[in-house]
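# Notes for the structure review
This is what each chain is made of:
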Amino acid sequence: MASLKNGDSRSKLLNVDVLSCKGPPVSVKSEVKALEEQCIQRLLPSYPRCRGNRPASPSPALPAESLGSRRSEPDSPPLSQPHMELLAAALSAACALDRDGSAESAAGARPAGRESPSTAGPVLIPDESPVLPECPAALPETLQMIHPMTTDSWKTLIEQIGLLYQEYRDKSTLQEIETRRLQDAQTDPEECSTGEETSSEAESTNTAESRTLPQISLLRNSTSRFNLWQDLPEIRSSGVLNILQPDEIKLQEAMFELVTSEASYYKSLNLLVSHFMENERLKKILHPSEAHILFSNVLDVMAVSERFLLDLEQRVEENIVISDVCDIVYQHTVNHFSVYVTYVSNQTYQERAYKQLLQDKTAFREVISQLEMDPKCKGLPFSSFLILPFQRITRLKLLVQNILKKVEEKSEKETTALEAHKELETVVKACNEGVRKMSRTEQMISIQKKLEFKIKSVPIISHSRWLLKQGELQQMNGPKTSRTLRTKKLFREIYLFLFNDLLVLCRQIPGDKYQVFDSAPRGLLRVEELEDQGQSLANVFILRLLENTDDREVSYMLKASSQSEMKRWMISLAPNRRTKFVSFTSRLLDCPQVQCVHPYVAQQPDELSLELADVLNILDKTDDGWIFGERLHDQERGWFPSSMGEEILNPKIRSQNLKECFRVHKSDDSQRRKLGSRNRQ
């Protein structure tokens, strides 16, 4: 490479030993073209608009390898030293023409036969290219693209991540909320977006940052030097930001966020182990069984995170333009992430043990308080470290969804992202089921002890049964003609236990017991709302049991304490009925939506816990401040207070959210359709 650095002419560089290799003679021009195409494919594997991917290009893009396999170099033989010299000269000339074309385009003087890189991809090399000494600034950029990111540079980046995972998670979700608010405030998103881009280019036409407006300012704080992928020195000096399109830069940012957030997560996990779990004073206070319940298999979780982070680091170090990360996510989810299910399934016992230790052991409470005050913890409580694994596995699924929304449709990357998302969703569901199973078993045992059967006994405890809703309603007595007379005496208390497959109707008796007088399978229930017949008969609905415990159809007229309570019972009893805004048997292109701006923890089985920045479809709502919604990213449904969210008013943003949701879950939908057709057959 010495001749390149000394500024030799291009004609001298072409007179190298490569022309004397065996085989038929090859023209210099075709040799330059072929080598340049090969380098572009090697250096920019994630850039779909490079010249190897253009329509009618003779060199198609290299296919991605199968899921779970480590990406390796192409099978073609390595380039020799003369080949590399020739290649560097060709790429240097291409970079020079790229800048010349951009400059001339800005001045309104683009020569014939030369395309603008912002409209038609990389520029073709013409027959007559300028000699190398005329473009000395292009060479360092090209060489930066050839060399991968150094290990030292990556280690420096990781060390300078000053945020604990809890801080990163809060910052990123709050930024996501603010970004969505700004988008929702735009009356015409397309015009506003165009105006913002024009304004940005007018302020700084020569900066690469004006090409894209990232949604999340990742890890932005005083101790974190690098905020985004495009802020890396290697990226800023390589010239790659002048080649990639804005959507492709956003994809790089999405993949980069997954990597750096894993580093932040590992840092917090390491603090949980080294600062809390391995504290000598805490070890002396806790019995081994108590320590096992409190920390579970966190060492296994940290080992899995470390292995995962090392593979992600290696991928980033391979090339400054990240090729993909979802294949690595897929491999680790399938082979290693089962440790998350074990940890999260212990959450019920972990929370109970922690509360009991705080209450019973003063020494434990004092040590934990002192450890929390250490500057390392940044004011975060011990409990926030204990729930890290569950928060991470759910967040990782959302990060893969974010990548999936940015990859090209029907591409190999989309397939990889869909497979990774599918496996992560399986793990998250297993985690949720693990938590529910622990609490459900105890709850079913407790209910069984309280029931006394006036009718034929029904077995309550079952591995496939869980409680959906329980509560008191008012049952109307007497003939229909006397409903308006002395209405208070016409109603008496009735208590319902609704399970996922069974309804049990009871009356409360002394001793905190319930006497069962009727029951029916949940699938044989029907509900009907009565029209408003005055204040005394407000919030009344009819419950029909098509086949009760005596194998006959019966009806009950029930009164709820409020409108929201009535609707919540009706939806729980008959979940497939049409709601106010959408039919459950059809999918509308648009329906009301809210985004969560305050976290909410479910208080009843039919309620839905919410995290910041969750987006939900509004399926129904009441006048007394409750919403029945479906969360888009996992399609979970439930009730929550309307004060927890902000309605999304812009119809284009709502439509975009739905389209992204359908794209993420399209593999699930196709699977459901296959199962549905099999069931019909």
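Just above, that's the structure.
Criteria and cut-off values
- Positions within a chain are numbered from 1, following the residues in the order the chain's sequence is written.
- In keeping with the predicted nature of the model, local features appear solely for residues at pLDDT of at least 70, side-chain atom pairs appear and are counted solely at 80 or more, and the whole-chain, interface and lining totals rest on all residues.
- Side-chain descriptors were evaluated using all non-hydrogen atoms of the structure, hydrogens and water having been removed beforehand.
- A helix here means a DSSP run of H or I that spans at least four residues, while a strand means a run of E at least two residues long, and both kinds are numbered starting from the N terminus.
- With a 1.4 Å probe rolled over the protein chains alone, any residue whose accessible area is under 20% of its type maximum counts as buried; one over 50% counts as exposed, and the rest are partly exposed.
- Contacts are assigned to residue pairs that have any heavy atoms within 4.5 Å of one another.
- The axes used here are C-alpha line fits, helices contributing only the stretch in contact, and every angle between their N-to-C directions lies in the interval 0 to 180 degrees.
- Note on terminology: angles under 35 degrees are roughly parallel, angles over 145 are roughly antiparallel, angles of 65 to 115 are roughly perpendicular, and the others are oblique.
- Take the far helix as your reference; a near helix turned counterclockwise from it by less than a right angle gives a left-handed crossing, and one turned clockwise gives a right-handed crossing.
- In this classification, the charged set is Asp, Glu, Lys and Arg, the nonpolar set is Ala, Val, Leu, Ile, Met, Phe, Trp, Tyr, Cys and Pro, and all remaining amino acids, among them Gly, are polar.
- For two strands to count as paired, DSSP must find a minimum of two bridges between them.
- Between Lys or Arg on one side and Asp or Glu on the other, a salt bridge is scored when a side-chain nitrogen of the former is within 4 Å of a carboxyl oxygen of the latter.
- Nitrogen and oxygen atoms within 3.5 Å of one another constitute a polar contact, given that in protein one can donate a hydrogen and the other can accept it, and given that sequence-neighbouring residues count only through two side-chain atoms.
- Two rings from Phe, Tyr or Trp (for Trp, the six-membered ring) form a pair when their centres sit within 6.5 Å of each other. Planes less than 30 degrees apart are called stacked, planes more than 60 degrees apart edge-to-face, and all others tilted.
- Charge-over-ring contacts are defined here by two conditions on Lys NZ or Arg CZ: a distance within 6 Å of the ring centre and an angle within 35 degrees of the ring normal.
- Here, the term nonpolar core denotes a set of buried Ala, Val, Leu, Ile, Met, Phe, Trp, Tyr and Cys residues that are joined through side-chain atoms within 4.5 Å.
- Expected span of a helix, by definition, is 1.5 Å for each gap between consecutive residues, and there is one gap fewer than residues.

Bringing the overall build of the chain into the picture now. Across its full length, the chain holds 25 helices and 13 strands. When burial is assessed residue by residue, the chain has 48% of its 681 residues classed as buried. Long-range contacts, defined as pairs at least 24 residues apart, comprise 68% of the intrachain contacts of the chain with a sequence gap of at least 6.

Turning to the packing of helix 15 (residues 326-335) against helix 21 (residues 412-450), a few remarks are in order. For the pair helix 15 and helix 21, the least separation of the axes is 8 Å and the interaxial angle reads 30°. Viewed along their axes, helix 15 and helix 21 adopt a mutual orientation that is roughly parallel. As helix 15 runs across helix 21, the sense of the crossing is left-handed. Contact residues: helix 15 offers Cys326, Asp327, Val329, Tyr330, Thr333 and Val334, while helix 21 offers Thr416, Ala417, Glu419, Ala420, Glu423, Leu424 and Val427. A per-class count over the contact of helix 15 with helix 21 returns 8 nonpolar, 2 polar and 3 charged.

Let us now look at the pairing of strand 8 (residues 554-559). Of all 6 residues that make up strand 8, 5 are buried, and the element is covered over most of its length. Both strand 2 (residues 467-476) and strand 8 contribute to a ladder of 2 bridges, which runs antiparallel. By the bridge assignment, Gln475 is partnered in strand 8 with Leu558. Pairing analysis gives 6 bridges linking strand 7 (residues 540-545) to strand 8, with the strands arranged antiparallel. Looking at strand 8, one finds that Ile542 is bridged to Met557.

Okay, the pattern of salt bridges next. Following the criterion strictly, the structure yields 29 salt bridges and no others. For Glu167, the salt bridge is made with Lys378, and the minimal N-O distance between the two is 3.5 Å. Here the residue Glu167 occupies a position in helix 8 (residues 165-185), and Lys378 occupies one in the loop between helix 18 (362-372) and helix 19 (382-386), the gap between them amounting to 211 residues. For Glu607, the salt bridge goes to Arg568, with nearest N and O atoms at 2.9 Å. Here Glu607, found in the loop between strand 9 (593-596) and strand 10 (615-621), pairs with Arg568, found in helix 23 (residues 563-573); they are 39 residues apart in sequence, far enough to count as distant. Like Glu607, the residue Arg568 is buried in the burial classification.

Attention shifts here to the side chain of Glu565. Relative to the assigned elements, Glu565 resides in helix 23. Residue classification places Glu565 among the buried residues on the basis of a relative accessible area of 19%. Setting aside residues up to four positions removed in sequence, Glu565 forms contacts with Lys469 and Ala560.

Here we come to the environment of Tyr556. When you line up the elements, Tyr556 lands in strand 8. Distance from Tyr556 to Leu545, taken between C-alpha atoms, is 8.3 Å for residues 11 residues apart in sequence. Excluding anything up to four places from it in sequence, Tyr556 contacts Gln475, Leu505, Phe517, Asp518, Phe541, Ile542, Leu543 and Leu545. Separated by 2.6 Å, the side chains of Tyr556 and Asp518 make a polar contact.

Taken in spatial order, the 5 strands line up as 12-11-10-9-13 in an open sheet, and their pairing is antiparallel. Strands at the two margins of the open sheet, each flanked by one partner only, are strand 12 (637-641) and strand 13 (645-648). Averaged over all adjacent pairs, the angle separating strand axes in this sheet is 45°, with direction ignored. In this structure, strand 10 lies alongside strand 11 (residues 626-631), joined through 5 bridges in antiparallel fashion. Paired with Asp620 across the strands is Phe628, a residue of strand 11.

All chains considered together, the criterion is met by 14 aromatic pairs. Each ring, one from Tyr495 and one from Tyr514, has its centre 4.6 Å from the other, and the planes form 35°; the classification is tilted. With Tyr495 in strand 3 (residues 491-499) and Tyr514 in strand 5 (residues 513-521), this residue pair connects regions lying 19 residues apart in the sequence. Of the two residues examined, Tyr495 and Tyr514, each falls in the buried class. Three or more aromatic residues joined by ring pairs form one cluster here, namely Phe276, Phe295, Tyr354, Phe364, Phe382 and Phe385. The ring of Trp466 carries Arg440 above its face, with NZ or CZ at 4.2 Å from the centroid.

Counting 75 residues, the largest nonpolar core has Trp229, Leu258 and Phe295 as the members making the most contacts within it. The biggest single contributor to this core is helix 11 (residues 246-277), with 13 residues. Every residue in contact with Phe295, bar those within four places of it in the chain, is listed here: Leu272, Phe276, Met277, Leu282, Leu286, Tyr343, Phe382 and Leu386. Formed by 23 residues, the second largest nonpolar core is a distinct cluster that contains Leu496, Ala520, Leu525 and Leu573.

With 17 residues, helix 20 (residues 388-404) should cover 24 Å at 1.5 Å per step; its first-to-last C-alpha distance of 24 Å lies within 8% of that length. Counting buried positions along helix 20 gives 14 out of 17 residues, so the element sits mostly inside the fold.

Overall, mixed pairing links the 8 strands, which are arranged 1-5-4-3-2-8-7-6 in an open sheet. In this open sheet, the two edge strands, each paired with only one partner strand, are strand 1 (451-453) and strand 6 (525-529). Sheet twist, expressed as the average angle between the axes of neighbouring strands with direction ignored, equals 40°. Helix 21 rests against strand 1, strand 2, strand 3 and strand 5 of the sheet, and its axis sits at about 45° to strand 1.

Now for unusual backbone geometry. Residues other than glycine predominantly adopt negative phi, and peptide bonds predominantly adopt the trans conformation. With a phi close to 50°, Ser296 is a non-glycine residue in the positive phi region. Turning to its location among the elements, Ser296 is positioned in the loop between helix 13 (288-295) and helix 14 (298-318). Owing to a relative accessible area of 17%, Ser296 belongs among the buried residues under this scheme. Of note in this structure, Ala613 is not a glycine but carries a positive phi near 75°. The buried category is assigned to Ala613, whose relative accessible area is 7%.

Turning next to the pairing of strand 11. Counting buried residues in strand 11 gives 6 out of 6 residues, a clear majority hidden from the surface. Side chains Trp626, Phe628 and Glu630 project from strand 11 onto one buried face, and the interleaved Ile627, Gly629 and Arg631 project onto a second face that is buried too. The turn joining strand 10 and strand 11, which pair antiparallel and follow one another in sequence, is formed by 4 residues; a positive phi near 95° is taken by Gly625. Relative to strand 12, strand 11 runs antiparallel, the two sharing 5 bridges. Bridging from a neighbouring strand, Glu630 pairs with Arg637 of strand 12. Between the antiparallel neighbours strand 11 and strand 12 lie 5 residues, among them Gln635 with a positive phi of about 60°.

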